Amino acid sequence: MSGLNLDDFGSLVERPDAGVRREAQDRWQRLVSPAGALGKPAELAEWLSAAQGQVPARPIARPRVLLFAGDHGVAGLRVSAHEAGTAVALVRTVLDGGAAVNVLARQYGAQVRVIDMALDCDPAELPADVTAQDGEGHPHLWRQRSAAYAVWYLRVVAFLNFLGAVWVSFGADIRRHNVEDFFTPYLLTSGFTTGVFALFFASTMRRRKRPAWVLNLVLSGLFLLVLALSMAFPEYRGHVQNWITLGLTGSFVAALLVGRREFRAKGDRANPRHAVFVAVGGLIVGSLISVLLVTATNTERGSAFGSSFRYAIMRMIALDPNDDNYANISTPGWVDVVINVMSALLFLLVLYVAFRSPRGRALLGPLDEGKLRGLLDRYGDRDSLGYFALRRDKSVIWSPSEKSAIAYRVVGEVSLASGDPIGDPEAWPGAIDAWLAEARAHAWVPAVMGASEEAGVIYARHGLDALEIGDEAIVETAEFTLDGRAMRTVRQAYNRVKRSGYTVRIRRHDDIPAAEMDELLERADHWRDGETERGFSMALGRLGDPADGRCVMVECHDGEGVPRALLNFVPWGPEGLSLDLMRRDRDSENGLIEFMVIELIQRADEVGVRQISLNFAMFRSVFERGSKLGAGPVLRIWRSLLTFFSRWWQIESLYRANAKYRPIWEPRYLLFGKTSELPRIGIASARAEGFLEAPWLPSPLRRRDRDRAGSR
């Protein structure tokens, strides 16, 4: 607000109504005894009533806390309780969510924002929304509305283009008003190609991608310039339609300019080169296929290759019914539609390659891994999935104080985190803010797989929604027993395997000689079901690494001493384990895995363990409640559907396998931003877990891990 006189600014602010304030005071005198019993809160309530102009005051629906921070020059004279330059440390505490103001704000669901007034530090050390001035940290309402208008303009245009492509008479009306002296608004034609073009632009603009904004501004700006120059001629400005087109196109360009600061999401630097490669190759292949279709289905004779080529190119652009220029070409209507749809798909692929988000930060390197291990040493017992943050195909982002971090992986433009943030819970908000800010900067869709309820509450305060996706099975070793009628089946299976001569050996990785570890790795690879290594949220993705010496290996041998199965567990704090890997020989005894788990539970003292986290049971509550008497029709249908898909994926079988140990069930949640993003998140999660494979692309289009983080 530089340059604005405070007196002038004060005149712009509406004063609280003194009459309403007196009414509020009279009301307090009638309600409260003795007078002034509520003290300052009563005064604040009176002021709020006066500001709102009503008694009683309306509850504040969206509370906000603004904290103005700075280092006063007088602190250099040592008259302050804090030394000069120490305010930035207090700011970092607030950004991490560990200050008193954060605790109070969380009680009322209020968002805390810090504003740099005069902090004695390098502005680069602070987040952008702290150092932003003149409202840059929170975009002005007009910028938000302008950006939304641009997106909705493109959506409406896409709808009209698709409608014109399938509704012949409506499409003909659009094209009749887009010839000779007539102009239609920016991107409004009739055809699948322009419909896909506008729809894809609407999608990328909704995600605030800067390259999409630049291209739209260039194209619409050039079109507006041509249209404005044409209006200088009487044959053009004499049509009301052209003036409407000028107004609509001008409003779109104006919306782009006003909302320009909203579009900050970055793209990959290699995208333009790859997009050109796809466009050139696609045009060559698509035009040849189109010419072959036209030539093969043409019922007229005497058409040259050049005419067929021009006709095919024209059909790639629009479904134009005016065939006066192609009298010697007559093709079925489906040929025109096929050619136009092919061009639409080509445009879609080119746009996807041009605007796709970057893959992500450098993957986990030695420096970040060392810091994560330090946090796990102090806070690793909070989350059984914490150790899986050390997967080396993940990236990590830190809170400002580096007391907390979030490990994530970018899959299909989804920033996919798993489990809870690592580190001090008081610093979780700072890490979440940094992670969400990075997702916005790259137009990634943020999502969290398998968060606990504690972390889910924190994520929800940052604008994410929660969906319960299943439960984690946790066994308390001191409370586990094979006695009782409920454990009869498990007890019988355990005794049967034990009588067959099977034995179990339990060791930390540090206690396994290198030669034996190599043999175990070879057997684990041999016993693996398929080539794809599955697992992301509850899998470490490696075995036998020297850095994982605290992991526990459970080996099983038959009566002849031949290895038949192995289990690997990662540390869960100092006294817990979390299941990572299960491998067994297909020719071994049934029930072998259950036998090994029970042996580990019964002999947990050998490795100093009191709790063990087993498999994650997705949608456990559906199977449990759906099988009970009185379950509703929706729940029964949902259970039947999951049972059907369990034929291919281990959904129900994992629940049954875990339930036999009578564990403690801890719910786990999926955190997401918008419901419309759930399909994309589901596909990304399936890819990360190894259930889906990404489609093959030519080598110039495949992403490379450019920054493998060897120096991080």
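None of these values were measured; they are calculated from a predicted model. (Residues numbered from 1 in each chain as written. Predicted model: local features only at pLDDT ≥ 70, side-chain atom pairs only at ≥ 80, totals over all residues. Heavy atoms only, no water.)

A few words on the overall build of the chain. The helix and strand inventory of the chain stands at 25 helices and 14 strands. The 712 residues of the chain split such that 43% are buried. Here the chain has roughly 37,800 Å² of accessible surface; of this, 57% comes from carbon and sulfur atoms. (Helix = DSSP H or I, 4+ residues; strand = E, 2+ residues; numbered from the N terminus. Buried < 20%, exposed > 50% of the residue type's maximum accessible area, 1.4 Å probe, protein only. Areas by Shrake-Rupley, 256 points an atom, 1.4 Å probe, with all protein chains shown as cover.)

Attention now goes to the pattern of salt bridges. A full pass over the atoms with the stated rule returns 26 salt bridges. In this structure, the salt-bridge partner of Lys371 is Asp368, at a minimum N-O distance of 3.9 Å. Of this pair, Lys371 and Asp368 both sit in helix 16 (residues 366-379), 3 residues apart, which is roughly one turn of the helix. Lys371 gets classed as partly exposed once you look at its relative accessible area, which sits at 28%. Look at Asp368 and you get buried, because its relative accessible area is 4%. For Arg507, the salt bridge is made with Glu516, and the minimal N-O distance between the two is 2.9 Å. What makes Glu516 partly exposed here is its relative accessible area of 28%. Several salt bridges share partner residues, and in doing so they unite Glu369, Arg373, Arg392, Arg542, Asp545 and Asp548 into one network. (Salt bridge = Lys/Arg side-chain N within 4 Å of Asp/Glu carboxyl O.)

As a further point, take the packing of aromatic side chains. Within the structure shown, the criterion is met by 7 aromatic pairs. Ring geometry for Phe183 and Phe223: centres 6.3 Å apart, planes at 70°, overall edge-to-face. Residue Phe183 is found in the loop between helix 8 (168-176) and helix 9 (192-206), and its partner Phe223 is found in helix 10 (residues 210-230); the two are separated by 40 residues along the sequence. Assessed through its relative accessible area of 16%, Phe183 is described here as buried. Seen from the ring of Trp213, Arg210 lies directly overhead, with NZ or CZ sitting 4.3 Å from the centre. (Phe/Tyr/Trp six-rings, centres within 6.5 Å; stacked < 30°, edge-to-face > 60°. Lys NZ or Arg CZ within 6 Å of the ring centre and 35° of its normal.)

Further remarks concern helix 12 (residues 240-258). Within an α-helix, residues lying three or four positions from one another point in the same direction, as the helix has 3.6 residues per turn. With 19 residues, helix 12 ought to run about 27 Å at 1.5 Å a step, and its terminal C-alpha atoms sit 27 Å apart, in line with that. Looking at the buried positions of helix 12, the neighbouring elements they touch are helix 7 (141-166), helix 9, helix 10 and helix 11 (234-237). (Expected span 1.5 Å × (residues − 1). Contact = heavy atoms within 4.5 Å.)

Across all of its chains, the model carries 1 cavity of 30 Å³ or more by this definition. The calculated volume of the largest cavity comes to roughly 60 Å³. Lining the largest cavity are Leu376, Tyr379, Gly380, Arg382, Asp383, Gly386, Asp420, Pro421, Ile422, Gly423 and Trp428. Partitioned by chemical class, the residues of the lining of the largest cavity number 5 nonpolar, 3 polar and 3 charged. (1 Å grid on protein atoms, 1.4 Å probe; cavity = no way out; pocket = protein on both sides within 12 Å on 5 of 7 lines; lining within 4 Å. Points joined across faces, edges and corners; volume = space filled by probe spheres on them. Nonpolar A, V, L, I, M, F, W, Y, C, P; charged D, E, K, R; others polar.)

Moving on, we come to a negative patch on the surface. Side chains of Asp518, Glu519, Glu522 and Asp525 sit close together on the surface and give a patch of like negative charge. With respect to the secondary-structure elements, Glu519 resides in helix 20 (residues 514-527). (Patch = residues over 30% accessible without salt bridge, like charges linked within 9 Å, V, L, I, M, F, W, Y side chains within 5 Å. Lys, Arg positive; Asp, Glu negative; His and termini not counted. Charge placed at Lys NZ, Arg CZ, Asp CG, Glu CD.)

Examined bridge by bridge, strand 8 (residues 465-476) and strand 14 (residues 664-672) share 9 bridges and lie antiparallel to one another. Residue pairing for strand 14: Glu472 is matched across the bridge by Glu666. With 6 bridges connecting them, strand 8 and strand 13 (residues 611-618) associate as antiparallel partners. Paired with Glu476 across the two strands is Gln611, which belongs to strand 13. (Pairing = 2+ DSSP bridges.)

For the rest of this paragraph, the subject is a nonpolar patch on the surface. On the surface, a cluster of nonpolar side chains totalling about 530 Å² of accessible area is made up of Val276, Val280, Ile284, Val285, Leu288 and Ile289. Secondary-structure assignment places Val280 in helix 13 (residues 271-297). Residue classification places Val280 among the partly exposed positions, given a relative accessible area of 46%.

Next up on the list: the packing of helix 13 against helix 15 (residues 333-355). Where helix 13 contacts helix 15, the two axes come as close as 8 Å, and the packing angle between them is 175°. Accordingly, the angle class assigned to the pair helix 13 and helix 15 is roughly antiparallel. Taken together, the residues that form the contact of helix 13 with helix 15 break down as 18 nonpolar, 6 polar and no charged. (Axes fitted to C-alpha atoms, helices over the stretch in contact; angles between N-to-C directions. Parallel < 35°, antiparallel > 145°, perpendicular 65-115°, else oblique.)

By the secondary structure assignment, Asp510 is in the loop between strand 9 (503-508) and helix 20. A residue is classified by how much of its surface remains accessible, and Asp510, at 54% relative accessible area, is exposed. Here the alpha-carbon distance between Asp510 and Cys551, two residues 41 residues apart in the chain, equals 8.1 Å. Those residues in contact with Asp510, other than ones at most four positions away along the chain, are Gly549 and Arg550.

Mapped onto the secondary structure, Lys209 falls in the loop between helix 9 and helix 10. With residues near it in sequence (within four places) discarded, Lys209 still touches Thr204, Phe263, Ala265, Phe355, Arg356, Ser357, Glu413 and Ala443.

Counting through the fold element by element, Leu567 comes out in strand 11 (residues 563-571). Given a relative accessible area of 0%, Leu567 falls into the buried group. On a C-alpha basis, the gap between Leu567 and Cys556 in space is 8.7 Å, while along the polypeptide they are 11 residues apart. With residues near it in sequence (within four places) discarded, Leu567 still touches Val552, Met553, Val554, Leu581, Met582, Ile593, Met596 and Val597.

This brings us to the nonpolar core. The biggest cluster of nonpolar side chains holds 33 residues, and the ones touching the most others in it are Phe480, Val554, Cys556, Phe569, Met596 and Leu614. Here this core takes 8 residues from helix 21 (residues 592-602), the largest share from any one element. Setting aside its immediate chain neighbours within four residues, Leu614 contacts Ala473, Val475, Met538, Phe569, Leu579, Val597, Asn658 and Tyr661. Counting residues in each nonpolar core, the second largest holds 32 residues, with Trp398, Met449, Phe616 and Phe672 among its members. (Core = buried A, V, L, I, M, F, W, Y, C linked by side-chain atoms within 4.5 Å.)

Leave glycine aside and you will find that most residues have negative phi; peptide bonds, for their part, are mostly trans. Going from Val55 to Pro56, the amide bond is cis rather than trans, its omega being 0°. If you trace the backbone, Pro56 turns up in the loop between helix 3 (40-52) and strand 1 (64-70). Phi angles above zero are rare outside glycine, and Leu187 is one such case at about 70°. Assignment of secondary structure puts Leu187 in the loop between helix 8 and helix 9. The class for Leu187 is buried, based on a relative accessible area of 16%. Non-glycine residue Glu402 carries a positive phi angle of around 60°. Assessed through its relative accessible area of 42%, Glu402 is described here as partly exposed.

Considering the arrangement of structural elements, one finds Arg206 in helix 9. What makes Arg206 partly exposed here is its relative accessible area of 28%. Here the alpha-carbon distance between Arg206 and Phe263, two residues 57 residues apart in the chain, equals 9.0 Å. Here Arg206 is in contact with Val151, Arg155, Lys674 and Glu677, once residues within four sequence places are set aside.

Moving on, we get to the confidence of the model for the chain. When pLDDT is averaged along the chain, the result is 80, and 83% of the positions lie at 70 or above. Within the model, pLDDT remains below 50 along residues 134-139, and this stretch shows 14 contacts once partners closer than five positions in the same chain are excluded. Below a pLDDT of 50 lies the segment residues 696-712, which in the model reaches 37 contacts outside its immediate sequence neighbourhood of four places, other chains included. (pLDDT = per-residue confidence, 0-100.)

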